[in-house]
Amino acid sequence: MTADFRHFYQKSWAERTAIVAEQAQLSTAETALFKQYYLPQHSEIIENYLTDYPLPMGLAVNFVVDDHPYIVPMVTEEPSVIAAASNGAKIVKRAGGFTTKLTKREMVGQIVLEQLADPAKTAEIIMAHQADLLVVADAAHPSLKKRGGGARRLRTRDLGQGYLSIDLFVDVQAAMGANMLNSMLEAVAKSVGVLTKTNALMSILSNYATASLVQATCELPVSLLQAGRYAGKLVAQKIASASTVAQIDPYRAATHNKGIMNGIDALAIATGNDWRALESGIHAYAARDGQYRGVSTWTTDGQTLTGTITLPLPVGIVGGSIKINALAQLNQRILGLQTAPELAKVMVALGLAQNLAALRALVTTGIQQGHMHLQLKSLALAAGATATELPIVLQQLEQAPQQDLATTQHLIKKLRQ
Ligand code: NDP
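The structure displayed is predicted, hence computed values, not measured ones.

Caption draft 1: Just the layout of surface pockets, in detail. Considered as a void within the structure, the largest pocket measures approximately 1,400 Å³ in volume. Of all elements in the fold, only helix H7 (178-196), helix H9 (250-270), helix H10 (275-286) and helix H11 (326-335) reach the threshold of two or more residues within the lining of the largest pocket. Per-class residue counts for the lining of the largest pocket are 24 nonpolar, 13 polar and three charged.

This is how it looks when you write it as structure tokens:
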């Protein structure tokens, strides 16, 4: 029988879990998982809440950013990510740490007008009323101005085919600013409608946060890069070559950037930030000249390896679910964060550390060697190894000709005989 999901959102938590249990024919043990991870306050954050979904949280160490040491909380289910970040940061620490630069931190949102016969004329009217429209924007969220932020400027872009984008730039202070900006945009859109006798197609922030760019650099003596039988100078040259490949080949660039996002997303989740927003903005930025490229570059003169990364990182330390997420608060304390720009600076440095460790492994021993131990651990746990069995199974797996689930299950079975 199919369970009744009508008005599911109006049901109590107990009713919801019962309906799901009926629909999916869950056992008592399976249904108990809902209770195990249930946090009552989280039913206020999303709709149709059932339970929390746990992800591992750990700490990356060795970070020095702008002469300040940081312990970096990361939430990730992927083995080796935290080890790689700590490893990359350790190399950079030996060379004095990361240097970062953040010149501006504004969020941008757009009001899109359509079916314009003369977009240039409309744009002229808008810009002639810029000061008034900024006042309208601020009035829609006055507390922001009181905190020293608020609407800063307008820009118009003719998108072609009769579409015009009116871009509003806002200093959102310590928040990411999506909701605040959306309220301001909707208010401005009404005034724009009156001024230009048009109806806006939509008003929404843009995740392409080009006014929230943050850069990290590091300069490493090549001797620090030595890896096993590979001399540091050779490793530096190979990392620079890998960087070139990520600039010219989108297939490589996507993976290059995914490695960077391993770190960015993990810290974004740990601090209660919207990682989907960061993902979309960063990938759009990676394709800003029409070709998708690596967001970091590495160059060497034979003595030094220089790494640079620039990312749009509109992150917040307040707003969204941050205040009601105890672990996000705790992680801010672990980081010792004072401001949102500080979080962006640690985050961009983390991306570069992650990238350095990945490239160094890739161009020397290969990625699998470092990954394998943790991967095998995941495999053994997935196959049902207990804490006591784990070290023995791991040892045997490392010697096994095939390191797959069937082999692991076979090893566990033999161990239990
Ligand atoms: P909020 O809507 O929570 O607004 C920020 C809150 O923080 C306000 O209530 C503000 O108070 C408060 N605040 C306290 N101190 C400060 C300070 N120093 N500076 C700024 N604000 C402060 O969050 P955001 O506007 O940041 O929106 C983020 C959320 O929006 C995320 O959850 C995101 O997932 C979501 N979102 C994302 C979209 C996207 O990316 N495309 C689209 C829509 C939503 P006060 O009210 O007094 O000003």
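Back to the text.
Caption draft 2: Representation of the packing of aromatic side chains. On inspection of all chains with the given rule, the structure shows four aromatic pairs. Each ring, one from Tyr38 and one from Tyr49, has its centre 5.9 Å from the other, and the planes form 40 degrees; the classification is tilted. Placement of Tyr38 in the loop between helix H2 (28-36) and strand E1 (57-65) and of Tyr49 in the loop between H2 and E1 is noted, with a sequence separation of 11 residues between them. The buried category is assigned to Tyr49, whose relative accessible area is 3%.

Caption draft 3: Broad picture of a nonpolar patch on the surface. On the surface, a nonpolar cluster with roughly 540 Å² of combined accessible area is contributed by Met57, Leu59, Val61, Ile71, Leu327, Leu330 and Ile334. Secondary structure elements with two or more residues in the nonpolar patch: E1 and H11. Tracing the chain through its elements places Met57 in strand E1.

Caption draft 4: Just the pairing of strand E6 (residues 163-171), in detail. Counting buried positions along E6 gives eight out of nine residues, so the element sits mostly inside the fold. The pairing of strand E4 (residues 107-113) with E6 spans seven bridges and is classified as antiparallel. Paired with Ile111 across the bridge in E6 is Ile166. Note: strand E5 (residues 150-160) against E6, nine bridges, orientation antiparallel. Paired with Asp158 across the two strands is Leu164, which belongs to E6. The turn joining E5 and E6, which pair antiparallel and follow one another in sequence, is formed by two residues; a positive phi near 50 degrees is taken by Gln161.

Caption draft 5: Broad picture of the packing of helix H4 (residues 119-128) against H7. The geometry of H4 relative to H7 is characterised by a closest axis approach of 10 Å and an angle of 120 degrees between their N-to-C directions. The orientation of H4 with respect to H7, classified from their angle, is oblique. Judged by the twist between their axes, the crossing of H4 over H7 is right-handed. Listed contacts from H7 to Thr122, Ile125 and Ile126 of H4 are Val192, Leu195 and Thr196. Residues that form the contact of H4 with H7 fall into these classes: four nonpolar, two polar and no charged.

Caption draft 6: Geometry of the site of the ligand. The environment of the ligand is made up of 20 residues, and the closest members are His141, Ser143, Arg147, Gly177 and Asp274. At a separation of 2.6 Å, an oxygen atom of the ligand approaches a polar backbone atom of Gly177. Computed on the free molecule, the ligand has an accessible area of 940 Å², of which 67% lies beneath the protein chains in the complex. The biggest single contributor to the shell around the ligand is H7, with four residues. Looking at the shell around the ligand, its residues break down into nine nonpolar, nine polar and two charged.

Caption draft 7: Structural view of unusual backbone geometry. If you check the backbone angles, Gln115 has positive phi at about 55 degrees while not being a glycine. Looking at the element boundaries, Gln115 is found in the loop between E4 and H4. The class of Gln115 is exposed, set by a relative accessible area of 71%. Of note, Gln173 is a non-glycine position whose phi angle comes to about 55 degrees, a positive value. For Gln173, the position within the fold is in the loop between E6 and H7.

Caption draft 8: Quick look at the pattern of salt bridges. Evaluated as defined, the whole model comprises 10 salt bridges. In this structure, Arg155 engages Asp167 in a salt bridge whose closest nitrogen and oxygen atoms are separated by 2.8 Å. With a gap of 12 residues between them, Arg155 in strand E5 and Asp167 in strand E6 connect regions that are remote in the sequence. Residue classification places Asp167 among the buried positions, given a relative accessible area of 1%. In this structure, Asp167 and Arg157 form a salt bridge, with 2.6 Å as the shortest nitrogen-oxygen distance. With a gap of 10 residues between them, Asp167 in strand E6 and Arg157 in strand E5 connect regions that are remote in the sequence. Here Arg157 falls in the partly exposed class, since its relative accessible area comes to 32%.

Caption draft 9: A look at the side chain of Thr100. Of note, Thr100 is situated in strand E3 (residues 99-101). Accessibility expressed as a relative area gives 12% for Thr100, which makes it buried. Not counting residues within four places of it along the chain, the set of residues in contact with Thr100 comprises Val65, Asp66, Gln215, Ala216, Lys345 and Val348.

Caption draft 10: Looking closely at the sheet that holds strand E9 (residues 296-300). Spatially, the four strands line up as an open sheet ordered E3-E8-E10-E9, and their pairing is antiparallel. Every interior strand has two partners, whereas the edge strands, E3 and E9, have only one. Pairwise comparison of adjacent strand axes, ignoring direction, gives a mean angle of 15 degrees for this sheet. Direction of pairing for E9 relative to strand E10 (residues 304-312): antiparallel, over a ladder of five bridges. In the sheet register, Thr300 faces E10, and the bridge partner there is Leu305. Against the sheet, H10 makes contact with strand E8 (213-221) and E10, and its axis sits at roughly 120 degrees relative to E10, the strand it touches most.

Rules used in this analysis
- Residues numbered from 1 in each chain as written.
- Predicted model: local features only at pLDDT ≥ 70, side-chain atom pairs only at ≥ 80, totals over all residues.
- Heavy atoms only, no water.
- 1 Å grid on protein atoms, 1.4 Å probe; cavity = no way out; pocket = protein on both sides within 12 Å on 5 of 7 lines; lining within 4 Å.
- Points joined across faces, edges and corners; volume = space filled by probe spheres on them.
- Helix = DSSP H or I, 4+ residues; strand = E, 2+ residues; numbered from the N terminus.
- Nonpolar A, V, L, I, M, F, W, Y, C, P; charged D, E, K, R; others polar.
- Phe/Tyr/Trp six-rings, centres within 6.5 Å; stacked < 30°, edge-to-face > 60°.
- Buried < 20%, exposed > 50% of the residue type's maximum accessible area, 1.4 Å probe, protein only.
- Patch = residues over 30% accessible without salt bridge, like charges linked within 9 Å, V, L, I, M, F, W, Y side chains within 5 Å.
- Areas by Shrake-Rupley, 256 points an atom, 1.4 Å probe, with all protein chains shown as cover.
- Salt bridge = Lys/Arg side-chain N within 4 Å of Asp/Glu carboxyl O.
- Pairing = 2+ DSSP bridges.
- Axes fitted to C-alpha atoms, helices over the stretch in contact; angles between N-to-C directions.
- Parallel < 35°, antiparallel > 145°, perpendicular 65-115°, else oblique.
- Left-handed = near helix turned anticlockwise from the far one by under 90°.
- Contact = heavy atoms within 4.5 Å.
- Near = heavy atom within 4 Å.
- Polar contact = N/O pair within 3.5 Å; in protein donor to acceptor, adjacent residues only side chain to side chain.

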